[in-house]
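Chain and residue survey
Residues per chain, in single letters:
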Amino acid sequence: DVQIQLNDVRHDEIGELISVYKRMMGQLEESFLQQQRFISDASHELRTPIQVLEGHLKLLQRWGKDDAAIMEESLSTSLAEVARMRSLIEELLDLARRETVDQTKYVDLVEATRAIARETEQLHPQAKIIIEYDKNNPFFAAISEDAYNQIVRNLLQNAIRYTEKIPNVRICLTNEAQYHRIEVEDNGIGIQKDAIPQIFNRFFRADEARSREHGGTGLGLAIVKMLVEKYNGKISVDSDYGKGTKFTILLPVKSQLK
Ligand code: ADP
């Protein structure tokens, strides 16, 4: 009887070990598959500009010497494709760098938001960006300044890119018990309900043509989400198709840190 009991115990332990092992293998396999998908998506995205470049170089080789118009057109298209590849590669590098830990400082969110809004308005003089916040509240979040700037920059860029009107963006900073809430609201084209769950996926574009036309890579929101989560924040989106979109970010307040 004792012998049987001992066997049972060992059996249970081995069974448990096997299930832990199986679970770990499953996770490994899933992350391997994710990486494989990522590499295949990234290669696919790079293939398109390379094909366009190749086509135009062949055109130049054949006709460029005799036809100034072809030369002009091919060169400017080629340069645009090179610029697209460059921003794609820079964004891919941003995503790959996600594991490295930056120097986390306390960022004055009002100050930083103002600077990025000003920078964006200079690049897009037609856009109007207003910032609202409670002047009696401190807005210091534990995040690297570069990360915060990039989050706001990407959201503003999208707010201005995905609209058919004069871009009007409202950034609103408020405080909750444990988080600073940053809302970026636009009057753009909005996002259809069925696209919303995919919006933070790498290379997802709800409006393929518009994204490409503005040099979009489909990586902007994936980078924003990765950065927000790296600093223990949260991001969500609300959209009214045809009316506008609001992104909400929560970043831990200063006192939350150990
Ligand atoms: P992209 O480089 O294509 O802009 P993002 O990851 O930044 O890539 O965004 C993914 C997709 O989400 C965009 O292609 C666009 O269809 C949609 N999108 C993002 N922000 C907005 C917005 N403010 N209003 C409407 N659609 C948006």
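The structure presented is a predicted model; accordingly, all values stated were derived computationally and were not measured. (Residues numbered from 1 in each chain as written. Predicted model: local features only at pLDDT ≥ 70, side-chain atom pairs only at ≥ 80, totals over all residues. Heavy atoms only, no water.)

1. Structural notes on the packing of helix H3 (residues 109–123) against helix H4 (residues 145–161)
- Following both chains from N to C, one finds H3 and H4 inclined at 40°, their axes separated by 10 Å at the closest point. With respect to each other, H3 and H4 are oriented oblique. Considering only the axes of H3 and H4, their crossing is right-handed. From H3, Leu109, Ala112, Thr113, Ile116, Ala117, Glu119 and Thr120 reach across to H4, where they touch Tyr148, Asn149, Val152, Arg153, Leu156 and Ile160.
- The residue makeup of the contact of H3 with H4, split by class, is eight nonpolar, three polar and two charged. (Axes fitted to C-alpha atoms, helices over the stretch in contact; angles between N-to-C directions. Helix = DSSP H or I, 4+ residues; strand = E, 2+ residues; numbered from the N terminus. Parallel < 35°, antiparallel > 145°, perpendicular 65-115°, else oblique. Left-handed = near helix turned anticlockwise from the far one by under 90°. Contact = heavy atoms within 4.5 Å. Nonpolar A, V, L, I, M, F, W, Y, C, P; charged D, E, K, R; others polar.)

2. Focus: the pattern of salt bridges
- Summed over all chains, the structure comprises 15 salt bridges.
- With its nearest N and O atoms 2.7 Å apart, the salt bridge here joins arginine 153 to glutamate 119. Taken together, the residues arginine 153 in helix H4 and glutamate 119 in helix H3 connect sequence positions 34 residues apart.
- For glutamate 119, a relative accessible area of 29% translates into the label partly exposed.
- Here arginine 210 and aspartate 207 are joined by a salt bridge, their closest N and O atoms 3.0 Å apart.
- In this structure aspartate 207 comes out as partly exposed when scored by relative accessible area, which is 24%.
- Residues participating in the shared-partner salt-bridge network are Glu45, Arg205, Glu208 and Arg212. (Salt bridge = Lys/Arg side-chain N within 4 Å of Asp/Glu carboxyl O. Buried < 20%, exposed > 50% of the residue type's maximum accessible area, 1.4 Å probe, protein only.)

3. Re the nonpolar core
- Ranked by internal contacts, the top residues of the largest apolar core, which has 45 residues, are Leu109, Ile143 and Tyr148.
- Ranked by the residues each element gives to this core, the list is headed by H4, at seven residues.
- Residues within four places of leucine 109 in sequence aside, it is in contact with Phe139, Ala141, Tyr148, Leu173, His180, Ile182 and Leu251. (Core = buried A, V, L, I, M, F, W, Y, C linked by side-chain atoms within 4.5 Å.)

4. Regarding the pairing of strand S5 (residues 179–186)
- Within S5, six of the eight residues are buried, leaving the element largely enclosed by the surrounding structure.
- Bridge count between strand S4 (residues 168–175) and S5: seven bridges; the pairing is antiparallel. Paired with asparagine 175 across the two strands is histidine 180, which belongs to S5.
- Where S5 and strand S7 (residues 244–252) come together, seven bridges link them in antiparallel fashion. Bridging across to S7, tyrosine 179 finds its partner in proline 252. (Pairing = 2+ DSSP bridges.)

5. A word on the sheet that holds S7
- Strand order in the open sheet made by the five strands is S2-S4-S5-S7-S6, with mixed pairing throughout. Each edge of the open sheet carries a strand with a single partner, namely strand S2 (128–133) and strand S6 (234–240). Direction aside, the axes of adjacent strands within the sheet are offset by 15° on average.
- As paired elements, S2 and S4 share six bridges and run parallel to each other.

6. Points about unusual backbone geometry
- The phi angle at phenylalanine 203 is positive, at roughly 70°, despite the residue not being glycine.
- Judged by relative accessible area, which is 10%, phenylalanine 203 ranks as buried.

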